[in-house]
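Structure assessment
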Number of protein chains: 2
Amino acid sequence: MTLLDDYLAEVRDHVDRTLDGLVPRSDVEPARLHEAIRWSLFPGGKRIRPVILYATGEVFGAARENLANTAAAIEMIHTFSLIHDDLPAMDNDDLRRGRAACHKQFGEATAILAGDVLQTLAFKAVADDLSLSAEMRVLLITLLADTSGTPLGMVAGQQLDLQAEGRTVTLSEIEIIHARKTGALISAAATSGAMIGGATIAQMDSIATYANMLGLLFQITDDILDVTQETETLGKTAGKDAAANKATYPGLLGLDGSRDAALKVYGEACDALAEIDENTGLLEAIAGRVLSRVQ
Amino acid sequence: MTLLDDYLAEVRDHVDRTLDGLVPRSDVEPARLHEAIRWSLFPGGKRIRPVILYATGEVFGAARENLANTAAAIEMIHTFSLIHDDLPAMDNDDLRRGRAACHKQFGEATAILAGDVLQTLAFKAVADDLSLSAEMRVLLITLLADTSGTPLGMVAGQQLDLQAEGRTVTLSEIEIIHARKTGALISAAATSGAMIGGATIAQMDSIATYANMLGLLFQITDDILDVTQETETLGKTAGKDAAANKATYPGLLGLDGSRDAALKVYGEACDALAEIDENTGLLEAIAGRVLSRVQ
């Protein structure tokens, strides 16, 4: 265990307890809906978006209790997108976070509704967060809506990704798709942490650059792992990008070229952090951990 | 044209212009997603939720510009629920508002995303509404989330409805399902209008009773029309409740018994309005118009 490992475990525990309090218990009717939500939320993945939010907030002195609901909201939005992405009409994936996808376990109709209502619960979590001023809450809700919605957010990225399947896509198109599909919400995590912590405009700019680079780093390393890892290790179906004929970094740059790209993006993330006159060691360590998945 | 007809046309026009401004244009990428949203939003149905919101707000002296975004948000949430309800995994309906359902026109994947992002845009519309205080906006967002979510809102009602298919359901179970599936959002429309207008607690109570009765009146009359009307007139598939073996008022009470129930519920809606010391003529006329669909 390193300092980072301790931190990751701490945040994961804090987020899980927050999520548990925000989602109706599975013995409340409609129980099947709440079971489906909890099936997809717990046990969670790496909780990387909450980790980024907490770490960024703490750089600027935010208390953990002021970060908890927003972090949980972003994790709920992320989970809603996973549930809907896995549906037969979308990526048609049976495996998620190491077990049956929501629609395999509870049926398609319940999975659609579970995803829908996770989005609702996410916005409610921020609107109800009495630890923050109403002004801060509406700013956070707008940020979450923009980064998870359209035309620049996650759902827009999913639509562009759908439209890109089966045709040749350039590197710049891939980057636009990824920036929306996964980058936007990662960026929202960092930005909202900085907002709650009261960062200056200049600090927010540096954090935004860091977050964009970190999002890109995730995508490149995910693409590499999709090629190099087994399904069992990955916890989701491996090799599905190639099977779906999706544009990926290894497909365009090869494995070595992709590893070089990851290293370059990591460097740019660190450069952005160097501009911030606070202790950003944790954020640098997070980027390093992501990079280390493929080095 | 009556005074009510003029009012309905005016509100519909105001809501449509507001919605048009809140949804990305269909030439903005991802264009297909925005086309799908607009396909389902325009031309709209009766816009009954916005009408109720405007009429309630105006009872308490709210300016129309303070009501517009919240009304549009509720219409977006309603439309998202229609898009997802029509999906093959849910009600599997090909016809909506007199033309092809979203998934028939744009495919299932895009329809899922269009519904998802309409919810996002709805919360954004309220969070961004600078005509209201931040305090009012977070209260409205919580209200919308509670009434469209779970365990007491629309999505919970859809889940209960799914679970009720194909088995015998009591009248009290039907009422619980309908109160969540359609009543909650209608109630949200009335309550948010009253909140924005600055109604007192006692007035809010009376409005809540009115709204609950109005929601029930809609359900009873919808159930009757599903039996008595042709698909062409209805603009959606007729007879589908019976085909799906769904519990309905005519199924339980017969057509005459259902018409009697509608009349009784209408009376209770008017009784609630009588407790409010303001001009509630418009709200009474709206209830009368709903009743008149089946008398």
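Look up a bit, the structure's there.
So, here's what we can say about the structure. (Residues numbered from 1 in each chain as written. Chains lettered and ligands numbered in written order. Predicted model: local features only at pLDDT ≥ 70, side-chain atom pairs only at ≥ 80, totals over all residues. Heavy atoms only, no water.)

Tallying the contact residues gives 45 residues for chain A and 45 residues for chain B. Of the roughly 3,800 Å² buried where chain A meets chain B, counting both sides, 71% is carbon and sulfur surface. Summed over the three residues of chain A that lose the most area to chain B, namely A:Leu113, A:Thr150 and A:Gln159, the buried surface amounts to 15% of that side. Counting the contacts that link chain A with chain B gives 2 salt bridges. Note that B:Asp146 is salt-bridged to A:Lys124, the shortest N-O span being 2.9 Å. Summed over the shared surface of chain A and chain B, the number is 14 residue pairs in polar contact (both at pLDDT 80 or more). By residue number, the principal contributor to the side of chain A that touches chain B is helix α6 (residues 108-127) of chain A, which donates 13 residues. The residue inventory of the side of chain A that touches chain B, partitioned by class, reads 24 nonpolar, 12 polar and 9 charged. (Contact = heavy atoms within 4.5 Å. Buried area = accessible area lost by both parts, 1.4 Å probe. Salt bridge = Lys/Arg side-chain N within 4 Å of Asp/Glu carboxyl O. Polar contact = N/O pair within 3.5 Å; in protein donor to acceptor, adjacent residues only side chain to side chain. Helix = DSSP H or I, 4+ residues; strand = E, 2+ residues; numbered from the N terminus. Nonpolar A, V, L, I, M, F, W, Y, C, P; charged D, E, K, R; others polar.)

Turning to the environment of A:Tyr249, a few remarks are in order. All names here are of chain A. Topologically, Tyr249 is positioned in helix α13 (residues 249-274). Sequence separation between Tyr249 and Val126 is 123 residues; the distance between their C-alpha atoms is 35 Å. Each residue touching Tyr249, except ones within four places of it in the same chain, is listed here: Leu171, Ile174, Glu175, His178, Leu216, Gln219, Ile220, Asp223, Gly254 and Ser258.

All names here are of chain A. Taken as a whole, this structure holds 3 aromatic pairs over all chains when the rule is applied. Aromatic pair Trp39 and Phe106: ring centres 6.1 Å apart, planes at 75°, arrangement edge-to-face. With Trp39 in helix α2 (residues 31-41) and Phe106 in helix α5 (residues 102-106), this pair connects stretches of sequence that are 67 residues apart. Judged by its relative accessible area of 21%, Trp39 falls in the partly exposed class. Residue classification places Phe106 among the buried positions, given a relative accessible area of 10%. Cation over ring: Arg99 sits above Trp39, and NZ or CZ is 3.5 Å from the ring centre. (Phe/Tyr/Trp six-rings, centres within 6.5 Å; stacked < 30°, edge-to-face > 60°. Buried < 20%, exposed > 50% of the residue type's maximum accessible area, 1.4 Å probe, protein only. Lys NZ or Arg CZ within 6 Å of the ring centre and 35° of its normal.)

This next bit is on the environment of A:Gly153. Residues and elements named next belong to chain A. If you trace the backbone, Gly153 turns up in the loop between α7 (134-148) and α8 (154-164). In sequence terms Gly153 and Ile177 are 24 residues apart; their C-alpha atoms lie 9.7 Å from each other. The contact partners of Gly153, leaving out residues within four places of it in the chain, are Asp146, Thr147, Ser148, Arg180 and Ala184.

So, on to the relation of the copies chain A and chain B. Overlay of chain A on chain B (RMSD 0.0 Å): rotation 180°, translation along the axis 0.0 Å. The two molecules are tied by a two-fold rotation axis, judged by turn and shift. Considering only C-alpha atoms, the residue of chain A closest to the rotation axis is A:Ala134, which sits at 2.7 Å. A share of 100% of the interface residues of chain A reappears at the interface of chain B, consistent with the copies meeting face to face through the same patch. (Least-squares fit on C-alpha atoms with pLDDT ≥ 70 in both.)

On the surface, A:Leu171, A:Leu252 and A:Leu253 cluster together into a nonpolar patch covering about 220 Å² of accessible area. Here A:Leu253 is to be found in helix α13. (Patch = residues over 30% accessible without salt bridge, like charges linked within 9 Å, V, L, I, M, F, W, Y side chains within 5 Å. Areas by Shrake-Rupley, 256 points an atom, 1.4 Å probe, with all protein chains shown as cover.)

A few words now on the pattern of salt bridges. Between side chains of opposite charge, a pair can form as their charged atoms come close. The final tally for this structure, using the stated rule, is 37 salt bridges over all chains. As a salt-bridge pair, B:Asp161 and B:Lys181 come within 2.7 Å of each other at their nearest N and O atoms. Separated by 20 residues along the polypeptide, B:Asp161 in helix α8 (residues 154-164) and B:Lys181 in helix α9 (residues 171-197) bring together distant segments of the chain. We note that B:Asp161, like B:Lys181, is buried. Residues joined in a network through salt bridges with shared partners are A:Asp16, A:Arg47, A:Glu75 and A:Arg97.

Nothing here speaks to function; it is all geometry.
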